[in-house]
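# A look at the structure
These are the residues of each chain, in order.
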Amino acid sequence: MEDDSPLDCLIIGAGPAGLTAGINLSRFFRNIRIIDAGYSRASLIPCTHNYPGFPEGINGNALLEQLRKQLRINGGQVHQGEVLSLQRADNGDFLAHTPTDVIRARTVLLATGVVDVEPELEGFQAVKEKALIRYCPICDGFEFTNERIGVIARDEHGVHESVFIKHFSADLTMVDIDDGAFLDQRLTDRLSQENIGLVQGCVDRIFADDRDFVHVRMQDGTEHVFDVLYCALGTRVRSALSRELGARRNADDYLIIDEHMQTGIEGLYAAGDMTNRLSQITVATGQAAIAATAIHNRLQQR
Ligand SMILES: Cc1cc2nc3c(=O)[nH]c(=O)nc-3n(C[C@H](O)[C@H](O)[C@H](O)COP(=O)(O)OP(=O)(O)OC[C@H]3O[C@@H](n4cnc5c(N)ncnc54)[C@H](O)[C@@H]3O)c2cc1C
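Residue positions within a chain follow its written sequence, with the count starting from 1. pLDDT decides what is reported in this predicted model: residues at 70 or higher carry local features, side-chain atom pairs at 80 or more are listed and counted, and totals for whole chains, interfaces and linings draw on all residues regardless.

## Re the overall build of the protein
Across its full length, the protein holds eight helices and 17 strands. What you see for the protein is a C-alpha radius of gyration of 21 Å, in line with the 19 Å of a compact globule of 302 residues. Dimensions of the protein along its principal axes, counting C-alpha atoms only, are 65 × 40 × 35 Å. The burial tally for the protein puts 39% of its 302 residues in the buried class. Working definition: helices are DSSP H or I runs of at least four residues, strands are E runs of at least two. Numbering for both runs from the N terminus. Radius of gyration: over C-alpha atoms. The globule rule applied is 2.2 Å multiplied by the number of residues raised to the 0.38 power. With C-beta atoms placed from the backbone, a residue counts as buried when 20 or more other C-beta atoms lie within 10 Å of its own, as exposed when 12 or fewer do, and as partly exposed for counts between those limits.

Spelled out as structure tokens, the structure:
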């Protein structure tokens, strides 16, 4: 069913970026809708210590709930659902298709985030649930200063990530889960120069013991023990909706946006993890504030 009166803005995704944009646009008295499929990356954060204003840290779900509360106080709400496709109508409006509706909007903010690539290793999910697998050393490397750190990696990206993490601890080992398939001499030399250990071979399984030390057991029977494991296999950008409209993306699939967070498509904006590698809540919320103001100004001019 299609509702003929267009929204001022449809926000797709209710992580920190989408929620912050929603708060700002609600406070501009804009007629918006936020649709969210319910798997924000922020919901995986055990306790963030680098988001300003929370000196003791805050759990990711608790932060999302605070943002949703702030949205409600300002008159907005999140609609559960998934946008399956996005098209342009003849008059320039956007048409978003959900399983039950076609939503018409003058502008769209994409805030659909990214997904972390994870290895198919026995025991990985159980260790992750204990918050012993980390993804963002920029965010939390500080918390593991001088601890025994392992990095699950396979390629050049993983080597760069390992070198970055080395700043926090001399006791660092890269666990190459593809046994050298994507590592050439130049990359292994780089690890040696940085004094980073390298484990190769086939991983049998990983598990945490009762002291919460993480064990990586190899098929040849050797075992490596860490205080924490970083997963450095990269991310996949949730860019499908932008692709349908032909929005420009860079070589890593991140959306290319201008200083107002507008994509190459008029009226189509993007904020948060899907626009840059520096995936952080502060970046997502800052971009969302810029996008919301630009969207409001654009609608004023019409
Ligand atoms: C384990 C972990 C720890 C982290 N720790 C920190 C930290 O300490 N500090 C920090 O700053 N950052 C941290 N991050 C990164 C932080 O979570 C992200 O930067 C932040 O969540 C990005 O917000 P976002 O709104 O761009 O995307 P997300 O939070 O991922 O939200 C995107 C939303 O879009 C929805 N969506 C996607 N596609 C559709 C669709 N088609 N229709 C409807 N909805 C859709 C998803 O369901 C999701 O809810 C961490 C990440 C992880 C995984």
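## Focus: the domain arrangement of the protein
Marked domain ranges trace back to an automatic or database domain assignment. The domains assigned to the protein are domain 1 (7–115 + 235–301) and domain 2 (118–231). Each of domain 1 and domain 2 has a C-alpha centre, and the two are 32 Å apart. Taken together, the seven residues of domain 1 in the interface contact six residues of domain 2. Under the grouping applied here, Gly and all other residues not named as nonpolar or charged are polar, the nonpolar ones being Ala, Val, Leu, Ile, Met, Phe, Trp, Tyr, Cys and Pro and the charged ones Asp, Glu, Lys and Arg. When the residues that make up the side of domain 1 that touches domain 2 are grouped by side-chain class, the tally is two nonpolar, five polar and no charged. Residue pairs qualify as contacts under a 7 Å threshold applied to their C-beta atoms, which are placed from the backbone.

## Concerning the packing of helix α5 (residues 156–166) against helix α6 (residues 185–193)
All axes here are fitted lines through C-alpha atoms, helices being fitted over the stretch that makes contact, and every angle between N-to-C directions spans 0 to 180 degrees. Relative orientation of the contacting elements α5 and α6 amounts to 10°, with a least axis distance of 10 Å. Relative to α6, α5 is oriented roughly parallel. The segment α5 lies against α6, with Glu 156, Val 159, Ser 162 and Val 163 engaging Leu 187, Arg 190 and Leu 191. By the definition adopted for this analysis, an angle is roughly parallel if under 35 degrees, roughly antiparallel if over 145, roughly perpendicular if from 65 to 115, and oblique otherwise.

## Describing the pairing of strand β12 (residues 203–208)
At least two DSSP bridges between two strands are required for those strands to pair. The pairing of β12 with strand β13 (residues 214–218) spans five bridges and is classified as antiparallel. Considered in β13, the bridge of Arg 205 is made with Arg 217. The turn joining β12 and β13, which pair antiparallel and follow one another in sequence, is formed by five residues; a positive phi near 65° is taken by Asp 212.

## Digging into the sheet that holds β13
One key point about sheets: their strands pair by backbone hydrogen bonds, in either a parallel or an antiparallel sense. In space, the three strands of this open sheet follow the order β12-β13-β14, with antiparallel pairing throughout. Both edges of this open sheet fall to β12 and β14 (223–226), since each of them pairs with a single strand only. Across this sheet, the average inter-strand angle for adjacent strands is 15°, counted without regard to direction.

## Here we look at the site of the ligand
Each residue gets a C-beta atom placed from its backbone. Should that atom fall within 6 Å of a molecule or strand, the residue is termed near it. For the ligand, the set of nearby residues contains 39 residues, the closest of which are Gly 13, Gly 15, Thr 48, Gly 113 and Gly 272. The set of elements that each furnish at least two residues to the shell around the ligand consists of α1 (16–27), β2 (32–36), α4 (137–140) and α8 (281–301). Looking at side-chain class alone, the shell around the ligand contains 19 nonpolar, 13 polar and seven charged residues. Here the shell around the ligand gathers at least three residues from each of two domains, domain 1 (7–115 + 235–301) and domain 2 (118–231).

## Some details on unusual backbone geometry
Unlike most non-glycine residues, Asn 146 shows phi in positive territory, near 65°. Turning to its location among the elements, Asn 146 is positioned in the loop between α4 and β9 (149–153). Residue classification places Asn 146 among the exposed residues on the basis of 10 C-beta atoms within 10 Å. Positive phi values are uncommon outside glycine, yet Asp 253 reaches one of about 80°. You can see Asp 253 is positioned in the loop between α7 (240–245) and β17 (268–270). For Asp 253, a count of 15 C-beta atoms within 10 Å corresponds to the partly exposed category.

## Examining the sheet that holds β9
In spatial order, the strands read β8-β15-β9-β10-β11; together these five strands make up an open sheet with parallel pairing. Where the open sheet ends on each side, the last strands, each with one partner, are β8 (133–134) and β11 (197–199). Note: β9 against strand β15 (residues 228–231), four bridges, orientation parallel. Of the residues in β15, the one forming a bridge with Gly 150 is Leu 229. Across the sheet, α5 is in contact with β9, β10 (172–176) and β15; its angle to β9 comes to roughly 165°.

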